[in-house]
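One-letter residues, chain by chain:
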2 protein chains.
Amino acid sequence: MGRVYNFSAGPAQLPVSVLERAQEELLSYQEKGMSVMEMSHRSSDFKKIIERTEELIRELMEIPETYRVLFIQGGASLQFSMVPLNLLKDGGHAYYVNTGSWSKKALSEAKKIGEAKILASSDDQNFTYIPELDLQQINEQTDYVHITTNNTIEGTRFTKFPNTGHVPLVADASSNILSEQWDVSKFGLIYAGAQKNLGISGLTIVIIREDLIGHVKADIPTMLNYETYTKNNSLYNTPPTFAIYITMLLMEWLKEQGGVAAIEERNKEKANLLYKAIEDSKLFYSNVKREDRSLMNIPFMTDSDELNKLFVKEAEQEGLHQLKGHRSVGGMRASIYNAMPIEGVKALVDFMNEFERKHI
Amino acid sequence: MGRVYNFSAGPAQLPVSVLERAQEELLSYQEKGMSVMEMSHRSSDFKKIIERTEELIRELMEIPETYRVLFIQGGASLQFSMVPLNLLKDGGHAYYVNTGSWSKKALSEAKKIGEAKILASSDDQNFTYIPELDLQQINEQTDYVHITTNNTIEGTRFTKFPNTGHVPLVADASSNILSEQWDVSKFGLIYAGAQKNLGISGLTIVIIREDLIGHVKADIPTMLNYETYTKNNSLYNTPPTFAIYITMLLMEWLKEQGGVAAIEERNKEKANLLYKAIEDSKLFYSNVKREDRSLMNIPFMTDSDELNKLFVKEAEQEGLHQLKGHRSVGGMRASIYNAMPIEGVKALVDFMNEFERKHI
Ligand SMILES: Cc1ncc(COP(=O)(O)O)c(C=O)c1O
Ligand SMILES: Cc1ncc(COP(=O)(O)O)c(C=O)c1O
Ligand SMILES: [Mg+2]
Ligand SMILES: [Mg+2]
Ligand SMILES: [Mg+2]
Ligand SMILES: [Mg+2]
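Residues numbered from 1 in each chain as written. Chains lettered and ligands numbered in written order. Predicted model: local features only at pLDDT ≥ 70, side-chain atom pairs only at ≥ 80, totals over all residues. Heavy atoms only, no water.

## A word on the site of ligand 2
Then comes step 1: Around ligand 2, the structure places 15 residues, and the nearest of them are Asn237 and Thr238 of chain A together with Ser77, Thr152 and Asp172 of chain B.
Then comes step 2: Residues near ligand 2 are shared among chains A and B, making this a multi-chain site.
Then comes step 3: Between an oxygen atom of ligand 2 and a side-chain N or O atom of threonine 152 of chain B, the distance comes to 2.4 Å.
Then comes step 4: Contact with the protein chains covers 96% of the free accessible surface of ligand 2, which is 390 Å². (Near = heavy atom within 4 Å. Polar contact = N/O pair within 3.5 Å; in protein donor to acceptor, adjacent residues only side chain to side chain. Areas by Shrake-Rupley, 256 points an atom, 1.4 Å probe, with all protein chains shown as cover.)

Next comes the structure, spelled out in structure tokens:
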């Protein structure tokens, strides 16, 4: 069974050992005679799975006791609405940092619910950098400040997080959660779709400071209220059980890798390898500001649309898949999440060098 | 690998052949070198999966061209809010038929959004029957009538559907979709969590008549608007890709079984076997009105709490799992969805007979 290197921005490549373990116990989890897919979410076996998953996330991210970890459906896109529904107050407002396509969507959903304003933006240069924030603009009426920690499409990331004082910092961390060590206590709320560094699509993880829960108006739909999840340990209704199980396996894998500190080292090594190849190249280039470069999503391109297309096509023939760039940026994009082995990046760099020799 | 019979109300037992197929291609779908879990939802391979899934559901349920099939996250519980958010109009109201715990939850979510009233209820007799509906109450201001086609907890089902004329009939069909042949054209909207007859948890299927889409107020969250799903073929954001794939496999299995007509026959045979055992028994009984009995969820009990407990415990030792009744009803409950083979029901009946001999 030949496996390829999959540079998809998400859903994304998983470690082979995780897939093998899922495969092994697909018809019978731990000799129980049933698949995790078939387990009642109220069974003691599933409760152990969801509890273990939470425990591993807490341990890996060193999440303080005062935070809750929630398992929600709907993707990060539903969080774009749940965040303001739960955190915006009458007469208050939220500040959004506009660093790309996903930030813009988060902002436009918030505007439907209440007052949401732009604190800073990098749209003047096609989102190729992370803007400075003027924190003086934050005031008593600011309910939260929203950032996108990593811009999946544009290939930038926050390398340090703003100190918003008593105002909660809310982060869409969909595309780089668990890729670097963070101090969770700097955030009020972190959310992430699971389909990159946390597992598979259909599950969203929300990490929320306890004091932010329970202040919504009475008429919010039950499923959109964070308190529903905290009061019922994410078992108010049927959660995406199999997706949670895959997250458990992936977190166990990450722990075996040495945890977030170790994976951060490897992520930097992988990204540096690819950035160096782009810099050294006379054919390929990147438009992203050096200091703000993503470790996870690396857009690069040549000046020729034809060559870009040919690159993507020939790469696929070499077992390097999903390298097409997002239509809004063009060119190529290599997404190299935690589960992408360095061998995959080396294979890509080798192919880039070969391609350059042929086409320059 | 010993497999058990799993009588869970959901997530529930799947056909072994479906699990085996998923297992076989877990590391490499159709020799593509990647798992379905790792596939970009924008890839042509995944598009084929979601299109094939829709096609199979359409074919099996004979869904008219004028209906759309949507793949949504959040469970049936999120539909409790999406239905009124999308269908309730200013000055209008909805009528709910209150036939059990799930109907009550649907109603209470609707009340948060607009005017929702009870058309008929069976709460006077602990929801052990399906009430007659006085359709004269429906008027020009009625935006829809909501029923729960099968009451998972109480063990009743609608054996015929009310003719609501020009007012859309909305159905929570979570626990008996695809178990019997239905005329979809009688409904305006059918929704169902996938974790019973459609696949695994984390996916909800909505079948909606086209003319009901697109009449919401502008400020509804994008993810709660059915139009978002129809306009983007359920790919506005990342859908629960693996859950959709399992639905595809399950629908292929159902087709191989002869489709809904054939499974209906088998479901009736299975249910009759169990109901006959309960009726013939001097120990076990059921409180559900004969004409309204569910084919999918069959509650039964003895007069002794101790015996009920012992039954559940000893049954599990015989490989008959998850037979504990819901706490609101007590006793036992056997959920026998499409994927439960008749052998499972026979094993249960044999065990009931043996238990009765010992304890009467
Ligand atoms: C940073 C970021 N936010 C939000 C999303 C949307 O996530 P979902 O598809 O889970 O709604 C994505 C998806 O790639 C993303 O990368
Ligand atoms: C009839 C019915 N409606 C709604 C639900 C809730 O579904 P979910 O857990 O997917 O939100 C269930 C769950 O068992 C059900 O049986
Ligand atoms: Mg982005
Ligand atoms: Mg260069
Ligand atoms: Mg019920
Ligand atoms: Mg009897």
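## So, the side chain of threonine 241 of chain B
Then comes step 1: Of note, threonine 241 of chain B is situated in helix H6 (residues 241–256).
Then comes step 2: For threonine 241 of chain B, a relative accessible area of 1% gives the class buried.
Then comes step 3: A distance of 3.0 Å separates polar atoms of two side chains, one belonging to threonine 241 of chain B and the other to serine 201 of chain A.
Then comes step 4: In contact with threonine 241 of chain B, other than residues within four places in its own chain, are Pro11 and Ser201 of chain A together with Val36, His41 and Phe46 of chain B. (Helix = DSSP H or I, 4+ residues; strand = E, 2+ residues; numbered from the N terminus. Buried < 20%, exposed > 50% of the residue type's maximum accessible area, 1.4 Å probe, protein only. Contact = heavy atoms within 4.5 Å.)

## Digging into the coordination of the magnesium ion (ligand 4)
All names here are of chain A.
Then comes step 1: The protein atoms that coordinate the magnesium ion (ligand 4) are Ile278 (O), Ser281 (O) and Phe284 (O), at distances of 2.2 to 2.5 Å.
Then comes step 2: Along the chain, the residues donating to the magnesium ion (ligand 4) fall in the pattern I-x2-S-x2-F.
Then comes step 3: Judged by relative accessible area, isoleucine 278 falls into the buried class, the value being 5%.
Then comes step 4: Since its relative accessible area comes to 2%, phenylalanine 284 is described here as buried. (Donors = N, O, S within 2.8 Å, 3.2 Å for Na, K, Ca; no water.)

## Details of the sheet that holds strand E4 (residues 115–121) of chain A
Residue and element names in this part refer to chain A.
Then comes step 1: The strand order across the open sheet built from seven strands is E2-E10-E9-E8-E5-E3-E4, with neighbouring strands paired in mixed fashion. Pairing within the sheet leaves two strands with one partner each, and these edge strands are strand E2 (67–72) and E4. Sheet twist, expressed as the average angle between the axes of neighbouring strands with direction ignored, equals 20 degrees.
Then comes step 2: Across three bridges, strand E8 (residues 169–172) lies against strand E9 (residues 189–193) in parallel orientation. When the bridges of E9 are listed, alanine 171 appears paired with isoleucine 190. (Pairing = 2+ DSSP bridges. Axes fitted to C-alpha atoms, helices over the stretch in contact; angles between N-to-C directions.)

## Concerning the pairing of E9 of chain A
All names here are of chain A.
Then comes step 1: Of all five residues making up E9, five are buried, and the element is well covered by its neighbours.
Then comes step 2: Here E9 shows a buried face lined by Leu189, Tyr191 and Gly193 and a second buried face lined by Ile190 and Ala192.
Then comes step 3: Sheet analysis places E9 next to strand E10 (residues 204–209), joined by five bridges and oriented antiparallel. Opposite leucine 189, over in E10, you have isoleucine 208 as the bridge partner.

## Let's talk about the site of ligand 1
Then comes step 1: In the vicinity of ligand 1 there are 15 residues, among which Ser77, Thr152 and Asp172 of chain A together with Asn237 and Thr238 of chain B approach most closely.
Then comes step 2: Between ligand 1 and threonine 152 of chain A there is a distance of 2.4 Å, counted from an oxygen atom to a side-chain nitrogen or oxygen.
Then comes step 3: The contact in question runs from an oxygen atom of ligand 1 to an N or O atom on the side chain of threonine 238 of chain B, over 2.5 Å.
Then comes step 4: Relative to its unbound accessible surface of 400 Å², ligand 1 loses 96% to contact with the protein.
Then comes step 5: Among the elements that make up the shell around ligand 1, the one with the highest residue count is helix H3 (residues 75–87) of chain A (four residues).

## Digging into the domain arrangement of chain A
Residues and elements named next belong to chain A.
Then comes step 1: We note that the domain assignment places domain 1 (16–256) and domain 2 (258–359) within chain A.
Then comes step 2: Centre-to-centre, using C-alpha coordinates, domain 1 lies 27 Å away from domain 2.
Then comes step 3: Taken together, the contact between domain 1 and domain 2 spans 25 residues of the former and 27 residues of the latter.
Then comes step 4: Across the interface of domain 1 and domain 2, roughly 2100 Å² is buried in total on both sides, 55% from carbon and sulfur atoms.
Then comes step 5: For the interface between domain 1 and domain 2, the tally reads zero salt bridges.
Then comes step 6: Run the count over domain 1 and domain 2 and you get 16 residue pairs in polar contact (both at pLDDT 80 or more).
Then comes step 7: Mapped onto the side of domain 1 that touches domain 2, the elements with two or more residues apiece are strand E7 (156–157) and helix H6 (241–256). (Domains from an automatic or database assignment. Buried area = accessible area lost by both parts, 1.4 Å probe. Salt bridge = Lys/Arg side-chain N within 4 Å of Asp/Glu carboxyl O.)

## Comments concerning helix H2 (residues 44–61) of chain B
All names here are of chain B.
Then comes step 1: For H2, built from 18 residues, the straight-helix expectation of 26 Å at 1.5 Å per residue is met to within 8% by its first-to-last C-alpha distance of 26 Å.
Then comes step 2: Taken together, the buried positions of H2 are occupied by Asp45, Phe46, Ile49, Ile50, Thr53, Leu56, Ile57, Arg58, Leu60 and Met61.
Then comes step 3: Elements in contact with the buried residues of H2: strand E2 (67–72), strand E9 (189–193), strand E10 (204–209), H6 and helix H7 (259–280).
Then comes step 4: Directly after H2, the chain includes glutamate 62, whose backbone phi takes a positive value near 50 degrees. (Expected span 1.5 Å × (residues − 1).)

## A closer look at unusual backbone geometry
Then comes step 1: Across the junction of glycine 10 of chain A and proline 11 of chain A, the peptide omega takes the value -10 degrees, indicating a cis bond.
Then comes step 2: On the secondary structure map, proline 11 of chain A appears in the loop between strand E1 (5–6) and helix H1 (16–24).
Then comes step 3: Not every positive phi belongs to a glycine, and asparagine 233 of chain A is a case in point at roughly 45 degrees.
Then comes step 4: Inspection of the secondary structure assignment puts asparagine 233 of chain A in the loop between helix H5 (226–231) and H6.
Then comes step 5: At asparagine 126 of chain B, a position not held by glycine, the phi torsion is positive, near 50 degrees.
Then comes step 6: Mapped onto the elements, asparagine 126 of chain B comes out in the loop between strand E4 (115–121) and strand E5 (142–148).
Then comes step 7: With relative accessibility at 64%, the residue asparagine 126 of chain B sits in the exposed group.

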